[in-house]
Amino acid sequence: MSLYHETAEILSATPPSPGGNLKTRIFGKKDLKSPQQQVYALALETCKWSSVLKEVIDNSELLRHERKLSPLLALLLVHDFLLSKKGIALPATHGLRASIERHKARLNAEFTRARLRRKAGSVEALREQITTEFLGEAAGYPRWVRVNTLKTTVEDQLATTFADFTRVLSVSEVAAAPGKFLHVDNHIPNLLAVSPSFEITKTEAYTSGALILQDKASCFPAYLLDPRSEDGDVIDSCSAPGNKTTHLAAIVHSRIPKNEERTQTVYAFEKDPKRSRTLEKMVKLAGAKDITRMSFGQDFLKVDPNSELFRNVGCLLLDPSCSGSGIVGRDDMPTIHLPEIPGVTKKPLANSGRKRKREDSEATKERSQPVLVDDDGKETLVSSEKELKARLEALSSFQLTLLLHAMKFPAAKKITYSTCSIHAEENEQVVLKALQSDVAKERGWRILLRDRQVRGLREWPVRGSVEASDGNAEVAEACIRSYKDDGRGVMGFFVAGFVRDTPSEFEDGDGPYLRDDDGRIIRDPFSGMPTLKPEYQSRSASGVNPRTQPIQEDDSRHVEEEEDDDMDSEHSSDMTTTDDSDQSKTDEEWNGFGD
């Protein structure tokens, strides 16, 4: 079966369950012969352009001349004929391709008329108009792009990929009007907000891994964790698709002291084998493979915290499965406009008015129901408040178990816990239960207070709920929230940090050495030795060498971060398959870490 027949079958199929979206239909289908990503791209783009393509097909009378074509097949084929750079993905002699190309003059003429009717001066202008219409709710949000500092810099990208963009001062200006606008984020380093209609996935910087699509809120956990060279190894407990893992790797790389080799490793866990392959591709594309050690299909909860392999793990990032209630643009199947079949007259049905109202009412009811997401990204509609409460209890129980397990790692000093949920049961309530647990009390874990957080998140204005924190204002203030409808251009999200309640010899948490704005130890340009702070130079002169002392950092430290010009994916759907030829090369790495 061809790419076009398989895609048409998916678009015409009745969803297996209410709330199933396009991605769920395609990536949940195991018997596709065509690459899943290719099917998804064709289906999505055809849906997006279907209102224009319907006009072209109807006005050119294509289906009257080509009786063997179904309306869906016609849409898919005409889309690739008119809009794909490579044209129809079939041999020149194939019957389906010939059925379109013998009408190319008429199709091109009708496409031009459709563009002019929409007052678009070029195909590119029409593309921007169509994309904005298709995005719907998401059109009011910028596209957040993390500059991957493992491969490039903000300055390089501003001079190349975004050279023709107009830089604006606020996020709201980015999506306010058509055009190419860009905002350098004030809170997260190396993060840009760009116009939502800009097709960044077609740029060389995106396809090479230099730019990563990642919502601003999704960047909070790694930035809040703030792993430094002396913090030891890092764990990402639920890693796929890999945005946060590669963000951690970029931060770890940026903190390697000058003239020194990397000593840290980012351990990435993903219990689902298929999602593990997605993670692997993401890590490779981002240039993070040397820093990251991935575990194929290994459950973080089954790992022994006291294993010798993890004795130097000082930082853990936890972003477990959640209800997904904060995600922007979660929708059912996109609307698809089908061309008319010649000779088929739509007759009004008896009581069609009542039936239509009933269908609209049912559709509205379905859209208003909460959607929960499991570890595989599958969506489930919740039909009642009682069922929602039960699902949230199950999710929060798992989330708490994960958090308490992380607290057992003997060398751990910092943990971040995050969800893309708006529900207090998964957020502040999990934090409170963790703080009240035996393991937290025994090992001295406490909440990372706001005034000890990294600068960008210390300055983020949206905090946790005092009510959801059982009246504990200090915990609420330490928690970081975002809401998808508050005008800040981000999805709904929650993150909190935990630190070990261990004493530090150094009050400011920076140890005895001077550091630059990026947290790196400043070294003497000639000798390469770390530069002591003035108050510790007297100790060194008297024979007390701080290098012989354990360099501990107060885990509640903060750092004055990046300069003003410093700043989660569509990458995941690009990386859902792995060539069989690569399998043998990675078998050894994918055997897990062992206990």
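Participant: Can you walk me through the nonpolar core in this structure?
Facilitator: Side chains of a nonpolar character, in soluble globular proteins, are inclined to be buried together. Within the largest apolar cluster, 42 residues are counted, with the highest numbers of intra-cluster contacts made by Tyr4 and Ile100. Secondary-structure elements contributing two or more residues to this core are α1 (3-12), α2 (22-27), α3 (36-60), α4 (62-65), α5 (71-83), α6 (95-101), α7 (104-117) and α8 (123-135). Counting residues in each nonpolar core, the second largest holds 34 residues, with Leu402, Phe409, Val431 and Val475 among its members.

Participant: What am I meant to see in the environment of proline 142 here?
Facilitator: Relative to the assigned elements, proline 142 resides in the loop between α8 and β1 (143-147). Look at proline 142 and you get buried, because its relative accessible area is 9%. With near-sequence residues (within four places) excluded, proline 142 lies in contact with Val171, Val174, Ala175, Ala193, Val194, Pro196 and Gly489.

Participant: Which parts of the structure should I look at to understand the packing of helix α16 (residues 385-406) against helix α17 (residues 428-435)?
Facilitator: When two helices pack together, their arrangement is given by the angle between their axes and by how far apart the axes lie. Axis separation between α16 and α17 bottoms out at 10 Å; the angle between their running directions is 45°. Here α16 lies oblique to α17, going by the angle between them. Crossing angle aside, the handedness with which α16 passes α17 is right-handed. Residues Ser396, Gln399, Leu400, Leu403 and Leu404 of α16 pack against Val430, Lys433 and Ala434 of α17. Taken together, the residues of the contact of α16 with α17 break down into five nonpolar, two polar and one charged.

Participant: I would appreciate a short explanation of unusual backbone geometry in the present structure.
Facilitator: For residues that are not glycine, phi is negative in most cases, and the peptide bond is trans in most cases. The residue after alanine 240, namely proline 241, is reached through a cis peptide bond having omega 5°. For proline 241, the position within the fold is in the loop between β6 (233-236) and α13 (243-254). Even without being a glycine, glutamate 61 presents a positive backbone phi close to 60°. Take glutamate 61: it is sitting in the loop between α3 and α4.

Participant: Even after reading the chapter, I still don't get the pattern of salt bridges, so can you show me in this structure?
Facilitator: Here the idea is simple: oppositely charged side chains can pair when their charged atoms come close. Overall, the coordinates contain 27 salt bridges when judged by the stated rule. Its salt-bridge partner being aspartate 231, residue lysine 413 comes within 3.5 Å of it at the nearest N-O pair. Of the two residues, lysine 413 is situated in the loop between α16 and β12 (414-419) and aspartate 231 in the loop between α12 (220-225) and β6; the sequence distance between them amounts to 182 residues. Judged by relative accessible area, which is 16%, lysine 413 ranks as buried. When its relative accessible area of 2% is taken as the criterion, aspartate 231 is described as buried. Here glutamate 428 and arginine 481 are joined by a salt bridge, their closest N and O atoms 2.8 Å apart. Of this pair, glutamate 428 sits in helix α17 while arginine 481 sits in strand β14 (residues 480-482), and the two are 53 residues apart along the sequence. Of the two residues examined, glutamate 428 and arginine 481, each falls in the buried class. Linked through salt bridges whose partners overlap, the residues forming this network are Glu45, Lys48, Glu124, Arg127, Glu199 and Lys202.

Thresholds applied
- Residues numbered from 1 in each chain as written.
- Predicted model: local features only at pLDDT ≥ 70, side-chain atom pairs only at ≥ 80, totals over all residues.
- Heavy atoms only, no water.
- Core = buried A, V, L, I, M, F, W, Y, C linked by side-chain atoms within 4.5 Å.
- Buried < 20%, exposed > 50% of the residue type's maximum accessible area, 1.4 Å probe, protein only.
- Helix = DSSP H or I, 4+ residues; strand = E, 2+ residues; numbered from the N terminus.
- Contact = heavy atoms within 4.5 Å.
- Axes fitted to C-alpha atoms, helices over the stretch in contact; angles between N-to-C directions.
- Parallel < 35°, antiparallel > 145°, perpendicular 65-115°, else oblique.
- Left-handed = near helix turned anticlockwise from the far one by under 90°.
- Nonpolar A, V, L, I, M, F, W, Y, C, P; charged D, E, K, R; others polar.
- Salt bridge = Lys/Arg side-chain N within 4 Å of Asp/Glu carboxyl O.

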